[in-house]
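# Observations on chain architecture
The chain contents come next:
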Amino acid sequence: MWGKSLAAALLGLPLTVGIVGLVALHWPGELTRITLPWLLMSFPIWVAVMSVAFLFKSGLRAWLWMGGATLLCFGLIHVSKMLGWAAELPA
């Protein structure tokens, strides 16, 4: 139970930020109008992601799947920006 709890607490927020960032970057429309609604959706998504950690059979599986998903999300964000598939907010 401790493994799942730590996975939820320590990997829940980064995974949520990765998911919300990936979806917001690829959502059609003007990025300045899309960002705020997705940021407001981040809390319910965070709660859902933390709850998913308790569905795994062991703490190790929770760490591996959530850690892998976090790395995948941030990797896809960086690759999307590098290839020019996603717009960036103006400075």
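Here the structure is a predicted model, which is why all the values come from computation and not from measurement.

## A word on the nonpolar core
The biggest cluster of nonpolar side chains holds 14 residues, and the ones touching the most others in it are L15, W38, I45, V49 and M66. Sorting elements by how many residues they give to this core places helix 1 (residues 2-26) first, with 6 residues. Discounting residues that sit within four places of it in the chain, I45 has contacts with T16, V20 and W38. With 5 residues, the next largest nonpolar core counts L22, L25, I77 and A86 among its residues.

## Concerning the confidence of the model for the protein chain
Overall, the prediction assigns the protein chain a mean pLDDT of 91, with 95% of residues at 70 or greater. Mean pLDDT values for the elements of the protein chain range from 92 in helix 2 (residues 31-52) up to 95 in helix 3 (residues 59-83).

## Topic: a nonpolar patch on the surface
Together, V79, M82, L83 and W85 make up a nonpolar patch on the protein surface, roughly 470 Å² of accessible area in all. Summarising the element assignment, W85 is placed in the segment after helix 3. With relative accessibility at 60%, the residue W85 sits in the exposed group.

## Considering the packing of aromatic side chains
Scanning the model with the defined rule gives 2 aromatic pairs in all. On the numbers, 5.2 Å between centres and 65° between planes, the contact of W27 with W38 is edge-to-face. Of this pair, W27 sits in the loop between helix 1 and helix 2 while W38 sits in helix 2, placing them 11 residues apart in sequence. Between F43 and W46, the ring centres sit 6.2 Å apart and the planes meet at 80°, which makes this aromatic pair edge-to-face.

## Here's the deal with the packing of helix 1 against helix 2
The geometry of helix 1 relative to helix 2 is characterised by a closest axis approach of 8 Å and an angle of 150° between their N-to-C directions. In terms of their interaxial angle, helix 1 and helix 2 are classed as roughly antiparallel. For the crossing formed where helix 1 meets helix 2, the hand is right-handed. Facing A8, G12, L13, L15, T16, I19, V20, V23, A24 and L25 of helix 1, the residues of helix 2 in contact are L31, I34, W38, S42, I45, W46, V49 and M50.

## Looking at the packing of helix 1 against helix 3
Close contact between helix 1 and helix 3 brings their axes to 9 Å; oriented N to C, the two are set at 20°. As the angle between them shows, helix 1 and helix 3 are arranged roughly parallel. Remark: the crossing between helix 1 and helix 3 carries left-handed chirality. Looking at the contact of helix 1 with helix 3, its residues break down into 19 nonpolar, 9 polar and 2 charged.

## Re the side chain of S80
For S80, the location among the structural elements is in helix 3. Classification of S80 as buried rests on a relative accessible area of 5%. A polar atom in the side chain of S80 sits 2.7 Å from the backbone oxygen of L76. In contact with S80, other than residues within four places in its own chain, are H26, W85 and A86.

How each quantity is defined
Per-chain numbering applies: the sequence of each chain, read as written, is numbered from 1 onward. Selection of residues for local features in this predicted model requires a pLDDT of at least 70, selection of side-chain atom pairs for listing and counting requires 80 or more, and totals for whole chains, interfaces and linings are taken over all residues. Only heavy atoms go into the side-chain values, all of them from the structure, while hydrogens and water stay out. Here, nonpolar core means buried Ala, Val, Leu, Ile, Met, Phe, Trp, Tyr and Cys residues that are tied together by side-chain atoms lying within 4.5 Å of each other. Three exposure classes are used, based on accessible area relative to the maximum for each residue type with a 1.4 Å probe and protein chains only: buried under 20%, partly exposed in between, and exposed over 50%. Counting from the N terminus, the helices are the DSSP runs of H or I reaching at least four residues and the strands are the DSSP runs of E reaching at least two. Throughout, a contact is declared for two residues whenever any of their heavy atoms are within 4.5 Å. What pLDDT conveys is the predictor's confidence in a given residue, as a value from 0 to 100. Within the patch definition used here, like charges are joined within 9 Å and nonpolar side chains (Val, Leu, Ile, Met, Phe, Trp, Tyr) within 5 Å, considering only residues with over 30% relative accessible area and no salt bridge. Computed with a 1.4 Å probe, the accessible areas rest on the Shrake-Rupley method; for each residue, only the protein chains presented here act as cover. Throughout this description, the term salt bridge denotes a Lys or Arg side-chain nitrogen within 4 Å of a carboxyl oxygen of Asp or Glu. Each aromatic pair joins two rings of Phe, Tyr and Trp (for Trp, the six-membered one) with centres within 6.5 Å, and gets the label stacked for planes under 30 degrees apart, edge-to-face for over 60, and tilted for any other angle. All axes are obtained by fitting lines to C-alpha atoms, using only the stretch in contact for helices, and the reported angles, taken between N-to-C directions, cover 0 to 180 degrees. For classification purposes, an angle smaller than 35 degrees is called roughly parallel, one larger than 145 roughly antiparallel, one from 65 to 115 roughly perpendicular, and anything else oblique. The crossing is said to be left-handed when, going from far helix to near helix, the turn is anticlockwise and less than a right angle, and right-handed when the turn is clockwise. Residue classes follow a fixed rule: Ala, Val, Leu, Ile, Met, Phe, Trp, Tyr, Cys and Pro count as nonpolar, while Asp, Glu, Lys and Arg count as charged, and any other residue, Gly among them, counts as polar. Definition of a polar contact: a pair of N or O atoms within 3.5 Å, with one able to donate and the other able to accept a hydrogen when the atoms are protein atoms, and with sequence-neighbouring residues admitted only if both atoms are side-chain atoms.

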